[in-house]
Amino acid sequence: MSEIITDKLTGKTSAGDVTITSEGGSATMQLQQGVAKCWHHYNQSGTLATVDSFNVSSATDSGVGITRTSYTNSLANLGYAVSGSHNLPSSNTASWVTGLDNSADFTTGQVTCSTFNTASGRVDATKALMTLHGDLA
Amino acid sequence: MAGKIIADTLEHSTAGSLTTDYVVNGSAKSWVNFNGTGTIATRDSLNVASLTDIGTGNHEINFSSAMSDVNYSRSTHMQRENTTASYANIDGSYNNDTYSTTTLEVRTVYMNAAASGAVDSPIVSNQIFGDLA
């Protein structure tokens, strides 16, 4: 088994391009593009609390069910992809979903996600999760 | 000529080590951020050849490099289009939608206790994890 011990990987031809070979062996892809640039697990109930995170400088409670995640390292543009999820309390049978909030707070330095259900609108969740892929600045 | 390293493990001096199967298997194989309103438009993407606007709240993502099978994981996210707080916007696929190694059909809909329907969203994100061919 071979092992590389290093603190940094840099492309030789292009510094930001390290290529990996696909599982099936017939394709290659850019390592930097496929790596998550941020993930955030937080509890919205009561005092907002980050459970664990990567590339998150702070979390802000912007109202019931609304959380702003600020990045330690900014994204390069507004073309990044975000996904989210949260837990469903057993006492509530309405549909619960996580989405980008329509407050237009979607910048290279932060994103606001809201958790809501079909019965009462925005609601706080005890387990809210978000993941981000895109280009770092 | 670009260099090539074949290794099973990467180790950082302080952050720990990681076997490279996590790098290959754990990396997103596709992601995209697009505007689903008006003329559908990609803002940025990885491994996306094109988008197809099927109809309101209905879009196809066509991959540049095919997945090896249809067992891949996907997540889709959208910005709420409706300003009414009681509306939830959800995303996903219908059970007859295209879910192939080269194309994924995604839906964006709104829903509340009284109504639901397809809606175009200004920001739609999709991420794919799985095996490339």
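Before reading further, recall that the structure is shown in the block above.
Right, let's walk through the structure included here. In this text the structure is predicted, and so the values were computed from the model without any measurement.

Below, the discussion takes up the overall build of chain A. Helix and strand counts for chain A stand at one helix and twelve strands. Along chain A, helices (α) and strands (β) appear in the sequence β-β-β-α-β-β-β-β-β-β-β-β-β when read from the amino end. Per-residue burial for chain A yields a buried fraction of 42% across its 137 residues. The contacts of chain A with a sequence gap of at least 6 include a subset with a gap of at least 24, amounting to 52%. When the accessible surface of chain A is split by element, carbon and sulfur atoms take 51% of a total near 6400 Å².

Turning our attention to the side chain of T103 of chain B. All names here are of chain B. Considering the arrangement of structural elements, one finds T103 in strand β9 (residues 103-111). Among the polar contacts made by the side chain of T103, one reaches the side chain of N62 at a distance of 2.9 Å. Sequence-distant contacts of T103, defined by excluding residues within four places in its chain, comprise E60, I61, N62, F63, Y72 and T98.

All names here are of chain A. If you walk across this open sheet you meet the four strands as β5-β4-β12-β8, and the pairing is antiparallel. Each edge of the open sheet is held by one strand with a lone partner, namely β5 (49-54) and β8 (81-86). When strand polarity is set aside, the average angle formed by the axes of neighbouring strands in this sheet is 15 degrees. Across five bridges, strand β4 (residues 38-43) lies against β5 in antiparallel orientation. In the sheet register, N43 faces β5, and the bridge partner there is A49.

Turning our attention to the packing of aromatic side chains. Tallied over the full model, the rule gives four aromatic pairs over all chains. An angle of 80 degrees between the planes, with centres 6.0 Å apart, marks the rings of F63 of chain B and Y72 of chain B as edge-to-face. Like Y72 of chain B, F63 of chain B is buried. Geometrically, the ring pair formed by Y72 of chain B and Y99 of chain B is stacked, given 4.8 Å between the ring centres and 20 degrees between the ring planes. Within this pair, whereas Y72 of chain B is found in the loop between β6 (58-63) and β7 (73-78), its partner Y99 of chain B is found in the loop between β8 (88-92) and β9, the two being separated by 27 residues in sequence. Judged by relative accessible area, which is 32%, Y99 of chain B ranks as partly exposed. An aromatic cluster is built from Y71, Y80 and F106 of chain A, whose rings are joined through pairwise contacts.

Residue and element names in this part refer to chain B. Within the open sheet, the four strands sit side by side as β4-β3-β11-β7. Their pairing is antiparallel. Here the strands that pair on one side only, and so sit at the sheet edges, are β4 (41-46) and β7. With direction set aside, neighbouring strand axes in the sheet form an average angle of 10 degrees. Here five bridges tie strand β3 (residues 30-35) to strand β11 (residues 124-129), and the two strands are oriented antiparallel to one another. Residue W31 lies in a different strand from β11, and its bridge partner there is Q127.

Counting residues at the interface gives 52 residues for chain B and 52 residues for chain A. Where chain B abuts chain A, roughly 4000 Å² becomes buried across the two surfaces, and 57% of that area is made up of carbon and sulfur atoms. Scanning the region where chain B abuts chain A turns up one salt bridge. In this structure, E23 of chain A and K29 of chain B form a salt bridge, with 2.4 Å as the shortest nitrogen-oxygen distance. Where chain B meets chain A, there are 23 residue pairs in polar contact (both at pLDDT 80 or more). At the level of secondary structure, the elements contributing two or more residues to the side of chain B that touches chain A comprise β1 (9-12), α1 (20-26), β3, β4, β7, β8 and β11 of chain B. Residues that form the side of chain B that touches chain A fall into these classes: 23 nonpolar, 22 polar and seven charged. Pairing between strand β1 (residues 3-5) of chain A and β1 of chain B: three bridges, direction parallel. Looking across to β1 of chain B, one finds that E3 of chain A is bridged to T9 of chain B.

The rules behind the values
Residues numbered from 1 in each chain as written. Chains lettered and ligands numbered in written order. Predicted model: local features only at pLDDT ≥ 70, side-chain atom pairs only at ≥ 80, totals over all residues. Heavy atoms only, no water. Helix = DSSP H or I, 4+ residues; strand = E, 2+ residues; numbered from the N terminus. Buried < 20%, exposed > 50% of the residue type's maximum accessible area, 1.4 Å probe, protein only. Contact = heavy atoms within 4.5 Å. Areas by Shrake-Rupley, 256 points an atom, 1.4 Å probe, with all protein chains shown as cover. Polar contact = N/O pair within 3.5 Å; in protein donor to acceptor, adjacent residues only side chain to side chain. Pairing = 2+ DSSP bridges. Axes fitted to C-alpha atoms, helices over the stretch in contact; angles between N-to-C directions. Phe/Tyr/Trp six-rings, centres within 6.5 Å; stacked < 30°, edge-to-face > 60°. Buried area = accessible area lost by both parts, 1.4 Å probe. Salt bridge = Lys/Arg side-chain N within 4 Å of Asp/Glu carboxyl O. Nonpolar A, V, L, I, M, F, W, Y, C, P; charged D, E, K, R; others polar.

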